[in-house]
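Listed below, chain by chain, are the residues.
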Amino acid sequence: MSAFLKDLSRFYGTGERNQAGQTLEEFLEGYDPYKYRTPSCTADAVIFSAREPLTKELTGIKILLVKRSNHPSIGFWALPGGFVNMEENLEESAKRELLEETGIGNLAMEQIAAYGNYDRDPRTRVITTAYMALVQGEERKACAGDDAADAVWCGLTLEKIKSERQLCGAGQQETEITSYRLHVKNQEKDLDTCAVVEQKRHLGLIREESFEVKECGMLAVDHAAIIVQALTILQERCG
């Protein structure tokens, strides 16, 4: 098949032929990207709002959620997001999906995490890249579009319910395990749900970290974990 990109100038390397005697063009002509099963990629957006400057307590913070109109997790509340187009950068995907599903655009976004557990989506192997943004001051009006049944700002609180340290692994590395309760509420939409998320962080120079949903409430898939991770980042920066 022909090359995916029209401009190959960045990919010639030293310009020599490979072991099969092929030029770059000849190699790409015979390359089959579908020889192996590959994951699908999505981008999700954690959009917060706050009328006043945030403190470590995150008082008054809200989050933008959309109601899923189709399977999987139909009827549950989710982060705005969707599949990445072939000729689209990840950040562009997150901003496009946000605009299509909520009508909100022109936000500065920061990439915060990738979630790729093999069992996170029943349709296929899906890896998502999460982005975070903060609307400060006046709240933006949300309007549901595309495949979102609704789009609303929700009140948000994060409570630390348990924290302990353990020695794990052959090297007895110290691991901090923290459990959080995430409370999401929108009275107008009759939404009042809680999720429980566990954070594991190996302490030391290399800080391997994971967030896992233990109870999802009415939040789709692993989105509660993504939200909690974003909130902990904000807390550290406001501290």
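What comes next is a walk through the structure.

Rules of the game
- Residues numbered from 1 in each chain as written.
- Predicted model: local features only at pLDDT ≥ 70, side-chain atom pairs only at ≥ 80, totals over all residues.
- Heavy atoms only, no water.
- Helix = DSSP H or I, 4+ residues; strand = E, 2+ residues; numbered from the N terminus.
- Buried < 20%, exposed > 50% of the residue type's maximum accessible area, 1.4 Å probe, protein only.
- Areas by Shrake-Rupley, 256 points an atom, 1.4 Å probe, with all protein chains shown as cover.
- Lys, Arg positive; Asp, Glu negative; His and termini not counted.
- Charge placed at Lys NZ, Arg CZ, Asp CG, Glu CD.
- Salt bridge = Lys/Arg side-chain N within 4 Å of Asp/Glu carboxyl O.
- Contact = heavy atoms within 4.5 Å.
- Core = buried A, V, L, I, M, F, W, Y, C linked by side-chain atoms within 4.5 Å.
- Polar contact = N/O pair within 3.5 Å; in protein donor to acceptor, adjacent residues only side chain to side chain.

**With respect to the overall build of the protein**
Regarding its fold elements, the protein presents 3 helices and 10 strands. Written out in order from the N terminus, the α and β elements of the protein read α-β-β-β-β-α-β-β-β-β-β-β-α. Its C-alpha atoms give the protein principal-axis dimensions of about 65 × 50 × 35 Å. When each of the 239 residues of the protein is scored for burial, the buried share is 39%. When the accessible surface of the protein is totalled, it reaches about 14500 Å², and 48% of it is carbon and sulfur. Within the protein, one finds 28 positive and 38 negative side-chain charges whose respective centroids are separated by 3 Å.

**Considering the pattern of salt bridges**
Summed over the entire model, instances satisfying the criterion amount to 17 salt bridges. R51 is the partner of E138 in a salt bridge, and the nearest nitrogen-oxygen pair spans 3.5 Å. You can see E138 sitting in the loop between β6 (126–136) and β7 (148–168) and its partner R51 sitting in the loop between β1 (40–50) and β2 (62–68), a full 87 residues away along the chain. Classification of E138 by relative accessible area gives exposed; the value is 61%.

**A few points about the side chain of H223**
Assignment of secondary structure puts H223 in helix α3 (residues 223–238). In contact with H223, not counting residues within four places along its chain, are D44, A78, L79 and R120.

**Digging into the nonpolar core**
Counting 35 residues, the largest nonpolar core has F48, I63, L65, L156 and L182 as the members making the most contacts within it. Of all the secondary-structure elements, those providing two or more residues to this core are β1, β2, β5 (110–115), β6, β7, β8 (173–186), β9 (191–202) and α3. When residues in this core are grouped by element, the largest group, 9 residues, is from α3. If sequence neighbours within four positions are ignored, L182 has contacts with L156, T157, L158, T193, C194, A195, L219, A224, I227, V228 and L231. Judged by nonpolar contacts, the second largest core, of 19 residues, contains L64, A94, M109 and W153.

**Considerations on the side chain of T102**
Structurally, the position occupied by T102 is in helix α2 (residues 90–102). With a relative accessible area of 0%, T102 lands in the buried category. Looking at T102, its side chain comes within polar contact range of the main-chain oxygen of L98, at 2.6 Å. Setting aside chain neighbours within four positions, we find T102 in contact with L64, V66, P80, K141, A142, C143 and A151.

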